[in-house]
Amino acid sequence: MSTPAHGDEAIRQNLDPSLYAPKEDELAFFKQQTGIQDDEELKSHVISVQTKAYQVCGYPCIRRFGFMKLNIARLPAYPRALSLLLERADPVLLDIGCCFGNDARKVVVDGWSAKNVVASDLRQAFWDYGLELFKSTPESSPATFLAGDAFDDNFLAKTQLPPPSEPRPDLHTITSLNSLHGKISVIHASSFFHLFSEERQLDLAHRLASLILPEKGSVILGQHIAKPQKGLLREGTMLPSMFCHSPASWRQLWEEEVFRKEVPVKVDAELVFIETKGLLLPQDVSAKSTNVWFMKWSVTVL
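Note that this is a predicted model, so its numbers are computed, not measured.

Draft legend 1. Quick look at the overall build of the protein. A count of helical and extended segments in the protein gives nine helices and nine strands. In the protein, which comprises 302 residues, the share counted as buried stands at 53%. For the protein, restricting intrachain contacts to residue pairs at least 6 apart in sequence, the fraction spanning at least 24 positions comes to 74%. Carbon and sulfur atoms form 51% of the exposed surface of the protein, whose accessible area is close to 13600 Å².

Draft legend 2. Region of the structure containing the packing of helix α2 (residues 24-34) against helix α6 (residues 102-109). At a closest axis distance of 12 Å, the pairing of α2 and α6 adopts a crossing angle of 85°. It follows that α2 is roughly perpendicular to α6 by the angle criterion. Residues F29, Q32 and Q33 of α2 form the contact with α6, whose own contacting residues are N102, R105, K106 and V109. Grouping the constituent residues of the contact of α2 with α6 by class yields two nonpolar, three polar and two charged.

Draft legend 3. Main features of the environment of F134. When you line up the elements, F134 lands in the loop between α7 (124-133) and β3 (144-147). On the accessibility criterion, F134 (1% relative accessible area) is buried. With 34 residues separating them along the chain, F134 and F100 place their C-alpha atoms 8.9 Å apart.

Draft legend 4. Just the sheet that holds strand β4 (residues 186-190), in detail. Strand order in the open sheet formed by seven strands is β3-β2-β1-β4-β5-β9-β8, and the pairing between neighbours is mixed. The open sheet has two edge strands with one neighbour each: β3 and β8 (265-275). Sheet twist, expressed as the average angle between the axes of neighbouring strands with direction ignored, equals 15°. Here eight bridges tie strand β5 (residues 219-226) to strand β9 (residues 291-301), and the two strands are oriented antiparallel to one another. Across the sheet, I220 pairs through a bridge with V299, a residue of β9.

Draft legend 5. Structural view of empty space enclosed by the protein. On inspection of all chains with the given rule, the structure shows one cavity of 30 Å³ or more. Within this model, the largest cavity holds a volume of roughly 40 Å³. Contributing to the lining of the largest cavity are L19, Y20, A21, P22, E26, R64, F65, M68 and K69. By residue class, the composition of the lining of the largest cavity is six nonpolar, no polar and three charged.

Draft legend 6. Region of interest: the nonpolar core. Ranked by internal contacts, the top residues of the largest apolar core, which has 40 residues, are L177, W254 and F259. Residue assignment for this core shows that the elements contributing at least two residues are β1 (93-96), β4, α8 (198-209), β5, α9 (247-258), β8 and β9. Ignoring sequence-local partners within four residues, the contact set of W254 consists of F193, A205, A209, I220, F259, R260, V267, W297 and V299.

Draft legend 7. Summary view of the packing of aromatic side chains. In this structure the tally under the stated criterion is 20 aromatic pairs. Between F192 and F193, the ring centres sit 6.4 Å apart and the planes meet at 70°, which makes this aromatic pair edge-to-face. In terms of burial, F192 and F193 fall into one category: buried. Between W254 and W297, the ring centres sit 6.0 Å apart and the planes meet at 25°, which makes this aromatic pair stacked. Here the residue W254 occupies a position in helix α9, and W297 occupies one in strand β9, the gap between them amounting to 43 residues. Judged by relative accessible area, which is 0%, W254 ranks as buried. Across the ring face of W127, the terminal group of R105 is positioned such that the distance to the ring centre comes to 5.9 Å.

Draft legend 8. Examining the pattern of salt bridges more closely. This model, assessed by the stated rule, comprises twelve salt bridges. Note that K266 and D268 form a salt bridge whose closest N and O atoms lie 3.9 Å from each other. Among the charged side chains, a salt-bridge network with shared partners connects D153, K158, D203 and R207.

Draft legend 9. Summary view of the environment of F67. Secondary-structure assignment places F67 in the loop between α4 (60-63) and α5 (78-87). Considered as a pair, F67 and C99 are 32 residues apart in the sequence and their alpha carbons are 6.8 Å apart. Apart from residues no more than four positions distant in its own chain, F67 is found in contact with F30, V46, Q50, C61, I62, C99, F100, N102 and L133.

Draft legend 10. Representation of the confidence of the model for the protein in the model. Averaged over all residues, the pLDDT of the protein equals 89, while 87% of them reach at least 70. Overall, residues 1-8 carries pLDDT values under 50, and its contacts beyond four positions in sequence, including any with other chains, amount to 16 contacts. In this model residues 280-289 is a low-confidence stretch, pLDDT under 50, and it forms 17 contacts with partners more than four residues away in sequence or in other chains.

So, how was this worked out
- Residues numbered from 1 in each chain as written.
- Predicted model: local features only at pLDDT ≥ 70, side-chain atom pairs only at ≥ 80, totals over all residues.
- Heavy atoms only, no water.
- Helix = DSSP H or I, 4+ residues; strand = E, 2+ residues; numbered from the N terminus.
- Buried < 20%, exposed > 50% of the residue type's maximum accessible area, 1.4 Å probe, protein only.
- Contact = heavy atoms within 4.5 Å.
- Areas by Shrake-Rupley, 256 points an atom, 1.4 Å probe, with all protein chains shown as cover.
- Axes fitted to C-alpha atoms, helices over the stretch in contact; angles between N-to-C directions.
- Parallel < 35°, antiparallel > 145°, perpendicular 65-115°, else oblique.
- Nonpolar A, V, L, I, M, F, W, Y, C, P; charged D, E, K, R; others polar.
- Pairing = 2+ DSSP bridges.
- 1 Å grid on protein atoms, 1.4 Å probe; cavity = no way out; pocket = protein on both sides within 12 Å on 5 of 7 lines; lining within 4 Å.
- Points joined across faces, edges and corners; volume = space filled by probe spheres on them.
- Core = buried A, V, L, I, M, F, W, Y, C linked by side-chain atoms within 4.5 Å.
- Phe/Tyr/Trp six-rings, centres within 6.5 Å; stacked < 30°, edge-to-face > 60°.
- Lys NZ or Arg CZ within 6 Å of the ring centre and 35° of its normal.
- Salt bridge = Lys/Arg side-chain N within 4 Å of Asp/Glu carboxyl O.
- pLDDT = per-residue confidence, 0-100.

In structure tokens:
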């Protein structure tokens, strides 16, 4: 995915303040997290951080204010994930592809212990901008952050070995996700899988599966762009070569290629047709459609 040209003018041309449209609960969440109660002051603060971040991390989700969405809370499997708080002692939750950490913060607000939340993304800059966005510090941030490449074996190797018998380490002491093989109860991955080719999506699924605690109720959940029939997304968006799974191919991937019969799982996947305002850059507005399918999904251990 390309990063926009540097320079204030190029940034202003690609960014669109009209895309700032948080829902009522998202607005309340950001006011509570930042301490900014005035609507215009909050908007100005958010756009200021967005503008700086977009110069370094030129992703559509930043342009579209995706970092203000409460993604995990809108997933059908989220209530089930929260129920693990009543069923397990100190369950670990991983938010991978966390961007600025909005979902990691949301789960803490909803009752997950901050000491049991791990957030991860490719660059430290994502988390640093999140600290600025939420007016917090590394000491006050509600999760352990790990910068790393999910396809780097030194950071997240895929393994089919039994879960290690050693106790789960203190999350503040770990330097890679490899320390958590077989120890994570919930993995959240939204707007993440669709960044990669079909082959790399399968590879990523294997890697995440190696982290999950193989006990009944453990769940991997998320959402991303999809299609009724798997294939490439049409041209004309910021992501012209995106490979999209369908619900059927997504179920097949997890059930037949990742977990197989070694760990029984249930895969739920549903398509929602949404307006993707902001996926198109100004020079692309002549495209026929700006709508895509989003797939909300979960993989639950039975």
